[in-house]
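Residue-level listing of the chains:
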Amino acid sequence: MPYNHIKQLWKGAKDLEKLKFMELSHSQFLEKTPDLSRATNLEQLVLEGCTNLHAVDRSLADLKKLIFLSLKDCINLRDLPSRIELESLQSLFLSGCSKLRKSLEIKGYMKHLSKLFLDGTAIEYNYPHQLSMQPGLFFWT
């Protein structure tokens, strides 16, 4: 459902066990991601260019099968969940999230992360030690 005028998708958790892909790119009125706690098989979430998106629901942090997450150019996004355990995540795009300032921690539970794009963010990072623990990580700032 890219390029829509939705402000909020739904309230509360929905039964979404069969959902594997969600694209809401350029949904300029979307302010917050929905509760995805029951989207246990979600593999790809694309929210590029959602310019009014300012919050990501904390349920995003627990999507164990998520492989690809793009929040590129979500210019009003300020925070990510404080605890992110996306153990299957391979690609994370945060480029252009100019108001995103929170420190991003890459730990062992994100061992599959191979692409990380942080250019155009205000994230403060200190990665030399963390990057050395992530073999094959492509890092762009």
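Here the structure is a predicted model, which is why all the values come from computation and not from measurement.

S.K.: What's the story with the overall build of the protein chain in this structure? I'm lost.
M.R.: The number of helices and strands found in the protein chain is one helix and six strands. Secondary structure elements of the protein chain occur, N-terminal to C-terminal, as β-β-β-β-β-α-β. Expressed as a percentage of the 141 residues in the protein chain, the buried residues total 40%. At a minimum sequence separation of 6, the contacts of the protein chain that also span at least 24 residues come to 33%. For the protein chain, the exposed surface amounts to about 7800 Å²; the carbon and sulfur share of it is 50%.

S.K.: Please explain the pattern of salt bridges as it appears in this structure.
M.R.: Between side chains of opposite charge, pairing is possible as soon as their charged atoms come close. Inspection of every chain in the model, using the stated rule, returns two salt bridges. With a closest N to O distance of 3.2 Å, Asp 15 and Arg 38 form a salt bridge. Remark: Arg 38 occurs in the loop between strand E1 (21-23) and strand E2 (44-46) and Asp 15 occurs in the segment before E1; sequence separation between them is 23 residues. Two residues, Lys 32 and Asp 57, come together in a salt bridge whose shortest N-O distance is 3.3 Å. In this pair, Lys 32 sits in the loop between E1 and E2 while Asp 57 sits in the loop between E2 and strand E3 (68-70), placing the two residues 25 residues apart along the sequence.

S.K.: What is the right way to look at the confidence of the model for the protein chain in this model?
M.R.: Note that predicted coordinates carrying low pLDDT should not be read in detail. Here the protein chain averages 81 in pLDDT, while 78% of its residues score no lower than 70. Throughout residues 128-133 the model reports pLDDT below 50, and contacts reaching past four residues in sequence, or to other chains, amount to five contacts.

S.K.: I'm lost on empty space enclosed by the protein in this one. Help?
M.R.: For the structure shown, the criterion picks out one cavity of 30 Å³ or more. Taken as a whole, the largest cavity encloses approximately 50 Å³ of empty space. If you go around the largest cavity, the residues you meet are Leu 60, Leu 69, Leu 80, Pro 81, Ile 84, Leu 86 and Leu 92.

S.K.: Help me understand the packing of aromatic side chains, please; the structure alone is not making it clear to me.
M.R.: The geometry of an aromatic ring pair is captured by two quantities: the separation of the ring centres and the angle between the planes. In total, this model carries two aromatic pairs according to the counting rule given. Plain terms: the ring middles of Phe 68 and Phe 93 are 5.4 Å apart, the flat faces sit at 45° to each other, and that makes the pair tilted. On the criterion of sequence distance, the pair formed by Phe 68 in strand E3 and Phe 93 in strand E4 (residues 91-93) is long-range, its members being 25 residues apart. Given a relative accessible area of 22%, Phe 68 falls into the partly exposed group.

S.K.: Would you explain the state of the cysteines in this entry?
M.R.: Put plainly, two cysteines are in a disulfide when a covalent bond ties their sulfur atoms together. For the structure shown, the criterion picks out zero disulfides. With no disulfide partner, Cys 74 has as its closest neighbouring cysteine sulfur the one in Cys 50, 5.0 Å distant. Here Cys 74 falls in the buried class, since its relative accessible area comes to 0%. With no disulfide partner, Cys 97 has as its closest neighbouring cysteine sulfur the one in Cys 74, 5.1 Å distant.

S.K.: Mind showing me how you'd approach the side chain of Ser 70 here?
M.R.: As for its position among the elements, Ser 70 is in strand E3. Other than its neighbours up to four places away in sequence, Ser 70 contacts Leu 45, Val 46, Leu 47, Glu 48 and Phe 93.

S.K.: Please clarify how unusual backbone geometry should be interpreted in this entry.
M.R.: Notably, His 26 is not glycine yet its phi reads approximately 60°, a positive angle. Residue His 26 is classed as partly exposed on the basis of its relative accessible area of 28%. Within the chain, Asp 73 stands out as a residue other than glycine whose phi angle is a positive 65°. Mapping Asp 73 onto the fold places it in the loop between E3 and E4.

What counts as what
- Residues numbered from 1 in each chain as written.
- Predicted model: local features only at pLDDT ≥ 70, side-chain atom pairs only at ≥ 80, totals over all residues.
- Heavy atoms only, no water.
- Helix = DSSP H or I, 4+ residues; strand = E, 2+ residues; numbered from the N terminus.
- Buried < 20%, exposed > 50% of the residue type's maximum accessible area, 1.4 Å probe, protein only.
- Contact = heavy atoms within 4.5 Å.
- Areas by Shrake-Rupley, 256 points an atom, 1.4 Å probe, with all protein chains shown as cover.
- Salt bridge = Lys/Arg side-chain N within 4 Å of Asp/Glu carboxyl O.
- pLDDT = per-residue confidence, 0-100.
- 1 Å grid on protein atoms, 1.4 Å probe; cavity = no way out; pocket = protein on both sides within 12 Å on 5 of 7 lines; lining within 4 Å.
- Points joined across faces, edges and corners; volume = space filled by probe spheres on them.
- Phe/Tyr/Trp six-rings, centres within 6.5 Å; stacked < 30°, edge-to-face > 60°.
- Disulfide = S-S within 2.5 Å.

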